[in-house]
Amino acid sequence: MRRIVVTGLGMVCPIGNDVETSWKNALAGVSGITNITKFDASALGCQVAGQVKDFDVSQYMPAKEARRYDEFLHFGVAAGVQAVRDAAFDLEKEDLTRFGCCVGSGIGGLPLLCENEKLYLERGARRVSPFMIPGSIINMVSGQLSIMFGFKGPNIAHVTACSTGLHAIGEAMWMIRRGHADVMIAGGCDSDIHPVGVAAFDNMHALSRRNDDPATASRPFDKDRDGFVMGEGAGVVVLEEYEHAKARGAKIYAEVVGYGLSSDAYHITTPSTDGPMRCMKMALDSADLKPEDIDYLNAHGTSTPVGDVNETKAIKGAFGDHAKNMVVNSTKSMTGHLLGGAGGIESIFTILAVKNQVSPPTINVFDPDPECDLDYCTEGAREMEIRYAMKNNFGFGGTNGTLIFKRYDE
């Protein structure tokens with residue numbers, strides 16, 4: 001069976017516009033959540049979000065071209081470019097028909113669609129941009145990256161709500177394992193901090209309304225959590241067949257060894273315990289691992305009253321007594337929930353935890369929920385042995401995904 005390793009990382013998120021800054025801030029427990037500044041949110045119940053700050057898209061594509069595209073694409077392309085640069089390929093020597101892209105988004109170009117609808121209603125059909133469709137459709141991040149670098153292998157995008165980024169990485173792993181490619185650029189992105197996007201989630205009573213204290217609004221596993229906080233950004237990794245990576249002397253962050261996916265088949269927004277539990281067990285089985293082999297788990301951990309208890313119960317169901325021996329962390333406490341981008345950036349945090357043998361903290365757990373009784377690393381970053389790490393993401397429609405990363409030893 002072909003082994004798959006991670007050789008490149010790229011990230012844009014509320015706590016940093018690159019991997020190094022984001023990881024440093026994650027270990028320090030820095031919150032990237034503030035009052036919304038992208039628009040006047042005073043009419044909304046939720047007025048906080050994890051916004052990307054001081055981002056310059058012209059570092060990744062010409063500014064004139066960038067104006068044609070929605071911001072989710074800016075973030076996805078930026079993270080993809082960072083990841084490819086980090087992998088340090090000599091592309092002139094590579095067979096680019098063996099390189100592919102699989103970068104998805106949960107929602108895609110919502111702001112651009114809303115902007116063009118407004119133009120249509122106020123100024124007529126001729127004012128609708130001819131670039132609206134290519135500027136807003138989800139597969140265009142993969143398309144742009146393939147064009148920029150000349151990658152002629154698989155060019156696809158997955159859309160599975162808040163599991164998108166994780167499923168993209170898992171499916172890309174299988175493409176390499178099945179021999180469809182030797183290298184895949186994979187991950188997720190989203191940028192929906194827009195009046196319509198925030199209002200829709202807010203009217204579902206899904207969002208935190210802790211507007212007076214944004215930095216502590218995302219409180220996974222805390223008794224007083226009142227909903228998730230929307231975030232934006234992208235996380236993209238380079239997956240590479242091990243022998244290909246070894247032959248070119250690539251730097252290797254970790255190995256991808258397990259992948260599970262399942263359906264709750266229960267409710268469009270309310271999770272079940274069974275689906276996530278089976279998903280984690282499937283990932284363990286696919287990696288031929290036992291529960292006690294996992295040392296660290298980066299949870300979906302959204303800060304919703306139902307979701308955090310449900311995931312805790314699912315972890316206990318999948319791991320039994322070992323659940324309380326693991327460190328379980330939610331980096332969403334710092335970044336908010338990046339929706340389709342969550343699985344991308346959180347997989348990178350998981351990979352770096354394995355690489356550096358340290359768990360980031362879960363911040364803002366002031367009064368632990370008695371139903372959430374695992375070790376959530378609430379006292380700051382913790383150095384620890386991490387042989388294998390698990391990453392969970394779950395999405396609307398009852399879709400679940402789990403990845404397992406292994407420490408790479410020369």
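Everything discussed here concerns the structure shown above.
Residues numbered from 1 in each chain as written. Predicted model: local features only at pLDDT ≥ 70, side-chain atom pairs only at ≥ 80, totals over all residues. Heavy atoms only, no water.

## A closer look at helix α10 (residues 274-286)
With 13 residues, α10 should reach 18 Å at 1.5 Å per residue; the first-to-last C-alpha distance of 18 Å fits that figure. G275, P276, M277, C279, M280, A283 and L284 are the residues of α10 that are buried. Those residues of α10 that are buried lie in contact with β8 (254-263), β9 (294-298), α11 (305-319), β13 (388-395) and β14 (399-407). Backbone geometry just downstream of α10 places D288 in the positive-phi region, at approximately 55°. (Helix = DSSP H or I, 4+ residues; strand = E, 2+ residues; numbered from the N terminus. Expected span 1.5 Å × (residues − 1). Buried < 20%, exposed > 50% of the residue type's maximum accessible area, 1.4 Å probe, protein only. Contact = heavy atoms within 4.5 Å.)

## Some details on the environment of V309
Tracing the sequence through the fold places V309 in helix α11. On the basis of relative accessibility, which here comes to 9%, the residue V309 falls in the buried class. Non-local contacts of V309, meaning those with residues more than four positions away in its chain, are made with R225, D369, E371 and C372.

## Considerations on the side chain of T335
Mapped onto the secondary structure, T335 falls in helix α12 (residues 332-335). Setting aside residues no more than four positions away along its own chain, T335 makes contact with C13, P14, I15, I33, G50, G231, I345 and F349.

## Quick word on the packing of aromatic side chains
The full count for this structure, using the stated rule, is 10 aromatic pairs. Measuring from centroid to centroid gives 6.1 Å for F55 and Y60, while their planes differ by 10°, and the two rings are stacked. F55 gets classed as partly exposed once you look at its relative accessible area, which sits at 21%. Among the aromatic residues, those joined into a ring-pair cluster are F89, F99, F149 and F151. Sitting over the face of the ring of Y242, R3 holds its NZ or CZ atom 4.1 Å from the ring centroid. Positioned above the aromatic ring of W174 is the side chain of R177, whose terminal nitrogen or guanidinium carbon lies 5.3 Å from the ring centre. (Phe/Tyr/Trp six-rings, centres within 6.5 Å; stacked < 30°, edge-to-face > 60°. Lys NZ or Arg CZ within 6 Å of the ring centre and 35° of its normal.)

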